[in-house]
Amino acid sequence: MKCHGLSHIALISLFKTSRVLPSLAQCLVLSGCAVIVRGQPRGGPPPERQINLSNIRAGALARRAIQGQPDTKDTPDEPWAFQAREFLRKKVIGKEVCFTVENKTPQGREYGIVFLGKDTSGENIAESLVAEGLATVRREGIRGNNPDQVRLCDLEDQAKAAKKGQWSEGGGSHTIRDLKYTIENPRNFVDSLHQKPVNAIIEHVRDGSMLRALLLPDYYLVTVMLSGIKCPTFKREADGSETPEPFAAEAKFFTESRLLQRDVQIILESCPNQIILGTILHPNGNITELLLKEGFARCVDWSMAVYTQGAEKLRAAERSAKERKVRIWKDYVAPTANLDQKDRQFVAKVMQVVNADAIVVKLNSGEHKTIHLSSIRPPRLEGEKNKDKDKRFRPLYDIPYMFEAREFLRKKLIGKKVNVTVDYIRAATSAMETGGVPAFPERTCATVTIGGINIAEALVSKGLATVIRYRQDDDQRSSHYDELLAAEARAIKNGKGLHSKKEVPIHRVADISGETQKAKQFLPFLQRAGRSEAVVEYVFSGSRLKLYMPKETCLITFLLAGIECPRGSRNMPGGMQVAEPYSEEATIFTKELVLQREVEVEVESMDKAGNFIGWLHIESVNLSVALVENALSKVHFTAERSSYYKTLLSAEETARQRKEKVSLVEIQHKPKEEVAQFTEEKERVAKYRAVYVTEITDGLHFYAQDVETGTKLESLMESMRGEIAAQPPVEGSFAPRRGDFCIAKFADGEWYRARVEKVESPAKVHVFYIDYGNREILSSTRLAALPPAFSTRTLPPQATEYTFAFIQVPQDEDARADAVDSVVRDIQNKQCLLNMEYSGAVCPHVTLQFADSKDDVGLGLVKEGLVMVDVRKEKHLHKMVTEYLNGQESAKSARLNIWRYGDFRDDDADEFGYRR
């Protein structure tokens with residue numbers, strides 16, 4: 001009987017859409033007499049309902065043996081079963097239908113009638129199947145007074161008479177498919193198709209990017225992963241249940257509703273590790289691109305390379321989803337989100353090639369900026385095996401292909417204007433934070449092009465650099481990353497540069513700078529040569545340069561003849577020598593004109609230190625004359641013997657007469673008092689600010705937070721812990737890798753932001769708490785991913801590393817421990833006042849005062865005899881150093897701590913563990 005006589009309308013298509021692909025069936029045809037229907041989606045995948053067609057039966061489709069149960073066997077199709085399924089599939093998939101439920105069994109199985117269209121006036125699907133001889137009528141349940149059942153019997157009789165379908169002669173054995181569930185050699189199978197489109201039917205959707213397809217006409221049943229992308233998946237738990245990742249169900253439904261049981265074409269593109277990668281083509285579009293565009297998938301590098309329809313389209317689709325922050329990208333923050341457009345893309349002039357992946361450019365504002373080429377790694381030595389310990393290591397010449405890479409960039413870029421597009425900013429790291437890895441300042445990484453050529457791509461294609469591999473969720477990469485990978489693949493295939501199997505080029509470059517004997521032997525040769533070719537490798541000052549002589553393969557120090565250039569500041573035995581006026585301007589002028597340019601030099605003589613003296617020409621410009629002409633140098637009396645003397649005098653006169661610019665010549669004729677005022681030594685600046693000391697290290701470094709930003713950290717921690725409490729992380733779900741930012745559960749049971757420094761094993765992960773400066777070894781179960789809303793972009797790490805100025809820490813372990821214990825008692829977890837004194841190799845050197853008494857903490861350590869004074873030569877620090885030395889003398893007189901046995905430094909012995 002009918003269930004309350006009601007008819008139900010269902011869409012076998014998901015919804016009418018204006019997208020590239022058609023709406024996909026909300027129904028799955030299980031067999032020739034059973035379908036699954038879905039209603040309209042509202043806020044997610046709609047519920048499903050299976051309807052079995054009343055009063056008829058179609059043949060059973062083939063079934064594969066249950067995996068892991070050897071007693072089960074594959075079951076083939078019954079005759080005409082597949083034809084019935086196909087007839088029904090082509091009738092209803094993607095169509096609107098209505099249905100009536102006539103009977104429901106105690107087990108919940110529903111039987112009814114399905115009609116094409118919005119009401120029961122449409123085509124009766126069961127009647128069509130019977131009329132074509134593709135289904136038989138269950139006559140045992142026929143009632144004579146039911147006109148629908150009587151009509152089915154009449155249609156069956158007519159099909160029998162016409163010998164249609166099952167009623168045809170021959171038994172139907174020709175209709176049974178030879179299904180192939182496995183392929184002996186998947187890679188050979190994929191290669192044999194030569195990436196030609198193959199007709200197929202999508203039989204099952206595992207997740208948004210993993211599908212099972214029936215290849216026609218040979219009936220291969222294969223699992224295909226979409227090339228170039230990955231959708232959220234369903235993780236199988238230990239109990240057999242499945243847990244969907246965010247948007248996994250929506251992505252699966254998105255693909256199902258567009259492809260399930262549709263006729264498609266598949267290009268099988270590759271088969272790495274027995275996984276078949278492919279692209280599915282539908283007459284109305286490409287599901288791969290659409291999944292990316294709608295934020296249901298992300299690009300994956302490892303399979304992007306085999307995608308045949310244009311990787312740039314996939315990147316563009318993903319970029320569109322990121323910009324709109326849809327679905328999996330709802331919390332996405334672009335690597336350059338904090339940059340203005342003018343800082344994101346600009347034109348600049350290349351002034352220097354630092355190494356094979358970094359250049360210095362001059363902006364329109366006159367500022368110089370270091371730019372690193374995105375996503376590439378310069379040549380490097382693998383390990384220490386190639387280093388000659390008896391010889392000074394020179395990376396430019398000793399690392400294979402480093403010189404070739406630098407020369408390629410130098411010849412292409414120096415002095416040229418380039419287009420710079422910033423891809424990301426790599427945060428600064430300190431040596432202590434990264435566990436032995438060298439410290440790096442903040443780096444601006446960009447794509448640099450000249451004449452439409454991507455320099456990084458050109459470098460990689462010649463085998464002079466390699467491409468960095470990233471974690472899949474690491475967005476800090478080149479905007480042309482796929483082109484870089486393709487260029488590297490070409491370089492590997494062609495055996496270029498680093499990928500060549502030939503012997504690596506060796507550069508034996510002799511550095512005779514300061515080598516008086518070698519310079520004397522070399523001088524006559526250079527004098528006879530007249531003008532020699534050279535490359536300016538380094539500019540020490542306006543008139544002092546280091547040159548590489550390519551023909552002679554040597555490095556020399558070169559002094560400009562005929563001029564007297566202002567001297568820069570220098571460390572001298574008696575202290576720091578103050579820079580003369582305009583010395584910096586002269587150095588900048590020389591750098592911009594000749595650094596890393598090809599020049600010609602005329603060597604005239606040599607000084608006592610082995611430095612060559614002569615004239616340098618660049619594009620018919622004499623550098624000595626140019627410096628004088630620009631009022632950055634004066635003529636020296638030694639120029640009188642030179643053929644350039646008159647030119648130099650003329651240039652000096654021009655500089656004197658120029659009114660719009662103060663010249664060096666005018667400065668030299670001013671009263672001495674004015675010059676003295678100009679060169680007056682700067683005073684020490686004391687700008688103490690409030691900090692909170694959070695951690696003291698064994699080396700007497702300490703970490704401190706700025707009190708001004710303390711409220712921001714408290715607010716962030718409160719919000720972060722609230723979110724964690726609402727959505728606790730799954731234990732063991734985070735796989736730590738060195739350099740990852742994460743959250744770590746401290747001994748107090750609270751979560752804090754941290755960075756992974758080292759992974760010994762899952763049970764031993766070294767972490768650094770970035771807001772407090774302390775370190776800990778934890779199990780990976782006490783780590784979790786850092787929520788994007790609380791990343792270092794939202795609030796930078798709050799713990800900054802400092803060390804005490806003017807003090808030298810004892811090398812003796814016991815003495816050092818006494819000093820550290822004293823500092824821990826006095827200042828740890830307390831507010832102090834901090835002043836920056838001077839920079840250091842690892843961290844800034846500062847003085848620290850107690851917040852209440854304003855007493856100097858470092859001076860207190862000196863007076864207690866716990867540390868020694870580090871004597872600084874800078875004049876502006878003289879007063880502070882004197883105060884510290886007086887404190888040290890007081891401690892020595894009282895025989896306090898390290899001075900209890902007198903001044904041990906008089907022995908001048910390393911075994912005492914101190915150095916003077």
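Our structure is the block above this text.
In this text, all values refer to a predicted model and were calculated from it rather than measured experimentally. (Residues numbered from 1 in each chain as written. Predicted model: local features only at pLDDT ≥ 70, side-chain atom pairs only at ≥ 80, totals over all residues. Heavy atoms only, no water.)

### Let's talk about the sheet that holds strand β44 (residues 783-785)
Here is step 1: Read across the sheet, 5 strands follow the order β43-β42-β41-β40-β44 without closing on themselves; strand pairing throughout is antiparallel. Of all strands in the sheet, those with a lone pairing partner are β43 (775-778) and β44, marking the two edges. Strand-to-strand twist across the sheet, computed as the mean angle between neighbouring axes with direction ignored, equals 45 degrees.
Here is step 2: Two elements, strand β40 (residues 741-745) and β44, share 3 bridges in a ladder whose sense is antiparallel. Considered in β44, the bridge of C742 is made with A785.
Here is step 3: Sheet strands touched by helix α20 (residues 710-726): β40 and β41 (751-761). Its angle to β41, the strand with the most contacts, is close to 70 degrees. (Pairing = 2+ DSSP bridges. Helix = DSSP H or I, 4+ residues; strand = E, 2+ residues; numbered from the N terminus. Axes fitted to C-alpha atoms, helices over the stretch in contact; angles between N-to-C directions. Contact = heavy atoms within 4.5 Å.)

### Remarks on the pattern of salt bridges
Here is step 1: For the structure shown, the criterion picks out 47 salt bridges.
Here is step 2: Between R469 and E488 there is a salt bridge, and its shortest N-O distance comes to 2.5 Å. Residue R469 is found in the loop between β26 (466-467) and α13 (481-494), and its partner E488 is found in helix α13; the two are separated by 19 residues along the sequence.
Here is step 3: The structure contains a network of salt bridges with shared partners spanning D301, R315, E318, K322, D475, R477 and D482. (Salt bridge = Lys/Arg side-chain N within 4 Å of Asp/Glu carboxyl O.)

### Notes on the packing of aromatic side chains
Here is step 1: Under the definition given, this model contains 21 aromatic pairs.
Here is step 2: Relative to Y802, the ring of F702 lies with its centre 5.8 Å away and its plane at 35 degrees, an arrangement referred to as tilted. Here F702, found in strand β39 (residues 701-706), pairs with Y802, found in strand β45 (residues 800-804); they are 100 residues apart in sequence, far enough to count as distant. The two residues F702 and Y802 agree in class, both being buried.
Here is step 3: Chaining the aromatic ring pairs together yields one cluster made of F746, Y752, Y769 and Y772.
Here is step 4: If you follow K160 out to its NZ or CZ, it ends over the ring of W167, 4.8 Å from the centre. (Phe/Tyr/Trp six-rings, centres within 6.5 Å; stacked < 30°, edge-to-face > 60°. Buried < 20%, exposed > 50% of the residue type's maximum accessible area, 1.4 Å probe, protein only. Lys NZ or Arg CZ within 6 Å of the ring centre and 35° of its normal.)

### Examining the sheet that holds β39
Here is step 1: Read around the barrel, 5 strands follow the order β38-β39-β45-β48-β47 and close on themselves; strand pairing throughout is mixed. If you compare each strand with its neighbour and ignore which way they point, the axes differ by 60 degrees on average.
Here is step 2: Here strand β47 (residues 831-838) runs beside strand β48 (residues 845-850); their pairing, made up of 6 bridges, is antiparallel. The partner of N835 across the bridge, within β48, is T847.
Here is step 3: Helix α21 (residues 813-827) contacts β38 (689-696), β45, β47 and β48 of the sheet and is inclined by roughly 130 degrees relative to β38.

### Observations regarding a positive patch on the surface
Here is step 1: Taken together, the side chains of K412, K416, K462 and K496 define a basic patch exposed on the protein surface.
Here is step 2: Turning to its location among the elements, K496 is positioned in the loop between α13 and β27 (510-511).
Here is step 3: Using a relative accessible area of 38% as the deciding quantity, one classes K496 as partly exposed. (Patch = residues over 30% accessible without salt bridge, like charges linked within 9 Å, V, L, I, M, F, W, Y side chains within 5 Å. Areas by Shrake-Rupley, 256 points an atom, 1.4 Å probe, with all protein chains shown as cover. Lys, Arg positive; Asp, Glu negative; His and termini not counted. Charge placed at Lys NZ, Arg CZ, Asp CG, Glu CD.)

### Notes on the environment of Y838
Here is step 1: Here Y838 is to be found in strand β47.
Here is step 2: With relative accessibility at 9%, the residue Y838 sits in the buried group.
Here is step 3: With 33 residues separating them along the chain, Y838 and A805 place their C-alpha atoms 7.7 Å apart.
Here is step 4: Among the polar contacts made by the side chain of Y838, one reaches the main-chain amide nitrogen of F806 at a distance of 3.1 Å. (Polar contact = N/O pair within 3.5 Å; in protein donor to acceptor, adjacent residues only side chain to side chain.)

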